[in-house]
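Residue-level listing of the chains:
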Amino acid sequence: MKLRIPHDSPHIQTINLTVVLVIATIRIVQVMSAVGNDLPIGGDTRAYLASARAITHGIDPIGNAGAVFLPEAPADIPPYFYPPLLALLLVPLASLPYPIALGVWMLGVLATTILLSVMLKPLVGWKMALIGVFFFLPTLESLWLGQINALIAVLIALILSSTNEQSHRRLGMAVAVGALLKITPILAAPVLLIKQRWMSLLALGMTIVGVVLLSLPFVHIETWINGSIYALQSNVSSPLFASWTGILRRQSGMIATLGPPVVILTLLGLTFWRSRVINLQWGLTAATLLPLLISTIIWHYTTILALPALALLWHSGQRGKVIAGATWFLVSLVGGISQPFMLTICWAVCCWPSLLDAPT
């Protein structure tokens, strides 16, 4: 008599998980060794700290304006692509020696990465939350670079967990803070408008207005405008950009000219059209995935922003587990064209949750 083990048995699941973790560990060591040789630790933190020092000198922090104020940082300092809130929050670090300021910020990034695991735990459990975050290659890339993305992912997780009627203020404030740090979370606002979440929209608007008014003694209103559209206006291109927009812009002829606006308008239109009939949580989830598909400057490490959406898909049922697991594996360990391709599948099933046997 043959011993038959069901495909979903704990033994098979343990073997599958072990194989994935071994592959992930090998890939992480391989990639992080290469990154460590090419980029200094806290590579993007340099832009944040330079912009904070620019503010203390009365200079607009957007772009490369702050680079001259951080001469002790190694290598070229990347431009600051964000609204000025992050630079304002880091002003207390501006007076510290660069190694100390860098260390404090890197500890903060590690803390927000741990907090992201805590935020995802109710959806996937402790084991999968820790594995999903800390064995996800973009997470470690983002941590090495000292990126703000872990905090944005925490805010996205907060947005997706604040969809009941008692959480309207928290939802609006989370969208506002995310947008003030990195403009892309503002795409959740049209979904709130479509779903007529007036109190959330009021909290969103009041938070943005309040923060901007409080900041005016330190930065001009033009700085907020410039910081919010700086990345949108950028013509920079890289073979490492991994959104549909970034990929299409690298092509030639009409594809490079017409492809990006067609993709952007199509995905935006479908998301907001479907938001009328699906529930608020799925609409917001689709909206949080949109920047990874349509923003020009999307790196591999930016995909940490998809982890809250993947956790929600994992929580939705067996089909969601398959899609979320395949996306996690391919994005983290393969990358390339698999990144926008798999994230588009995730976006599509969020817009059509009936494909998951999930509520609409």
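Below is a summary of the structure that appears in this document.

Analysis parameters
Within every chain, residues take consecutive numbers counted from 1 along the sequence as written. Only residues with pLDDT of at least 70 get local features here, since the model is predicted, and only at 80 or more are side-chain atom pairs given and counted; chain-wide, interface and lining totals rely on the full set of residues. Side-chain numbers here rest on the full set of heavy atoms in the structure, without hydrogens or water. Strands here are runs of E lasting at least two residues and helices are runs of H or I lasting at least four, both read from the DSSP assignment and numbered beginning at the N terminus. Under the scheme applied here, a residue whose accessible area is under 20% of the maximum for its type counts as buried, over 50% as exposed, and between as partly exposed, the area being computed with a 1.4 Å probe on protein chains only. For the accessible areas, the method is Shrake-Rupley and the probe is 1.4 Å, while residue cover comes only from the protein chains on display. Only four residue types enter the charge count, namely Lys and Arg as positive and Asp and Glu as negative; His and the chain termini do not. Charge placement uses NZ in Lys and CZ in Arg. For Asp and Glu, CG and CD serve respectively. Pairing of aromatic rings covers Phe, Tyr and Trp, the last counted by its six-membered ring, and requires centre-to-centre distances within 6.5 Å; plane angles under 30 degrees mean stacked, over 60 mean edge-to-face, and any other angle means tilted. Here, over-ring charges are defined by two tests on the NZ atom of lysine or the CZ atom of arginine: distance to the ring centre within 6 Å, and angle to the ring normal within 35 degrees. Residue types Ala, Val, Leu, Ile, Met, Phe, Trp, Tyr and Cys, when buried and joined through side-chain atoms within 4.5 Å, form a set referred to as a nonpolar core. Contacts are assigned to residue pairs with any non-hydrogen atoms lying within 4.5 Å of each other. Every patch collects residues that have over 30% relative accessible area and no salt bridge, joining them within 9 Å if they carry like charges and within 5 Å if they are nonpolar side chains (Val, Leu, Ile, Met, Phe, Trp, Tyr). What makes a salt bridge here is a side-chain nitrogen of Lys or Arg within 4 Å of a carboxyl oxygen of Asp or Glu, nothing more. Axis angles are defined between N-to-C directions and span 0 to 180 degrees, where every axis is a line fitted to C-alpha atoms and, for a helix, only to the segment in contact. Roughly parallel refers to an angle under 35 degrees, roughly antiparallel to one over 145, roughly perpendicular to one between 65 and 115, and oblique to any angle outside these ranges. A crossing counts as left-handed when the near helix is turned anticlockwise from the far one by less than a right angle, and as right-handed when that turn is clockwise. Here a helix's expected span is defined as the number of its residues, less one, multiplied by 1.5 Å. Here a polar contact is taken to be a pair of N or O atoms separated by no more than 3.5 Å, where protein atoms must pair a possible hydrogen donor with a possible acceptor and residues adjacent in sequence count only if both atoms sit in side chains.

This part is about the overall build of the chain. The secondary structure content of the chain amounts to 17 helices and 0 strands. Each of the three principal axes of the chain carries a C-alpha extent, and together these read 80 × 50 × 50 Å. In the chain, which comprises 360 residues, the share counted as buried stands at 50%. Working note: accessible area of the chain is about 16700 Å², and carbon and sulfur atoms make up 70% of it. A distance of 14 Å separates the average location of the 18 positive side-chain charges in the chain from that of its 10 negative side-chain charges.

Tallying each qualifying case throughout the model produces 9 aromatic pairs. Arranged with centres 5.8 Å apart and planes meeting at 80°, the rings of Tyr 48 and Trp 105 form a pair that is edge-to-face. Placement of Tyr 48 in helix α2 (residues 45–56) and of Trp 105 in helix α5 (residues 98–134) is noted, with a sequence separation of 57 residues between them. The two residues Tyr 48 and Trp 105 agree in class, both being buried. A ring pair is formed by Trp 299 and Tyr 301, whose centres lie 6.3 Å apart and whose planes are at 10°; its orientation type is stacked. By relative accessible area, which is 11% here, Tyr 301 ends up buried. Ring pairs connect the aromatic residues Tyr 48, Tyr 80, Tyr 82 and Trp 105, which therefore count as one cluster. The ring centre of Trp 273 lies 5.9 Å from the NZ or CZ of Arg 274, which sits over that ring.

A word on the nonpolar core. Counting residues in each nonpolar core, the largest one holds 94 residues, and the members touching the most others are Tyr 48, Leu 284, Leu 289, Leu 307 and Leu 313. Ignoring any residue separated from it by four or fewer positions in sequence, one finds Leu 284 in contact with Ile 159, Leu 160, Thr 163, Leu 171, Ala 188, Val 191 and Leu 192. In this structure, Met 32, Val 35, Leu 137 and Leu 140 belong to the second largest nonpolar core, which totals 6 residues.

With that out of the way, let us pick up a nonpolar patch on the surface. On the surface, a cluster of nonpolar side chains totalling about 620 Å² of accessible area is made up of Leu 107, Leu 110, Ile 114, Leu 115, Val 118, Trp 126 and Leu 130. Residue position: Leu 130 is located in helix α5. Its relative accessible area of 42% is what places Leu 130 among the partly exposed residues.

Now for the packing of helix α7 (residues 149–160) against helix α8 (residues 168–181). The axes of two packed helices give the description: the angle between them and the distance between them. Where α7 meets α8, the axes come as close as 9 Å, and the angle between the chain directions of the two elements is 160°. Looking at the two axes, α7 sits roughly antiparallel to α8. Considering only the axes of α7 and α8, their crossing is left-handed. Facing Leu 151, Ile 152, Leu 155, Leu 158 and Ile 159 of α7, the residues of α8 in contact are Arg 170, Leu 171, Ala 174, Val 175, Val 177, Gly 178 and Leu 181.

It is worth spelling out α2 at this point. Helix length check: α2, at 12 residues, gives a terminal C-alpha distance of 17 Å against a target of 16 Å (1.5 Å per residue), a fit within 8%. Where burial is concerned, most of α2 is hidden: 11 out of the 12 residues are buried. Turning to α2, its buried residues are Thr 45, Arg 46, Ala 47, Tyr 48, Leu 49, Ala 50, Ser 51, Ala 52, Arg 53, Ala 54 and Ile 55. Where α2 is buried, its residues meet α3 (85–89), α4 (91–94), α5 and α6 (137–145). Where α2 ends, the next residue or the one after it, Gly 58, has phi of about 75°, a positive value.

As for its position among the elements, Ser 167 is in the loop between α7 and α8. Using a relative accessible area of 8% as the deciding quantity, one classes Ser 167 as buried. A distance of 2.8 Å separates a polar atom in the side chain of Ser 167 from a polar atom in the side chain of Asn 164. Discounting residues that sit within four places of it in the chain, Ser 167 has contacts with Ser 162 and Arg 197.

Within the chain, Gln 196 stands out as a residue other than glycine whose phi angle is a positive 55°. In this fold, Gln 196 is placed in the loop between α9 (188–194) and α10 (198–215).

The quantities given are spatial measurements derived from coordinates; they are silent on function.
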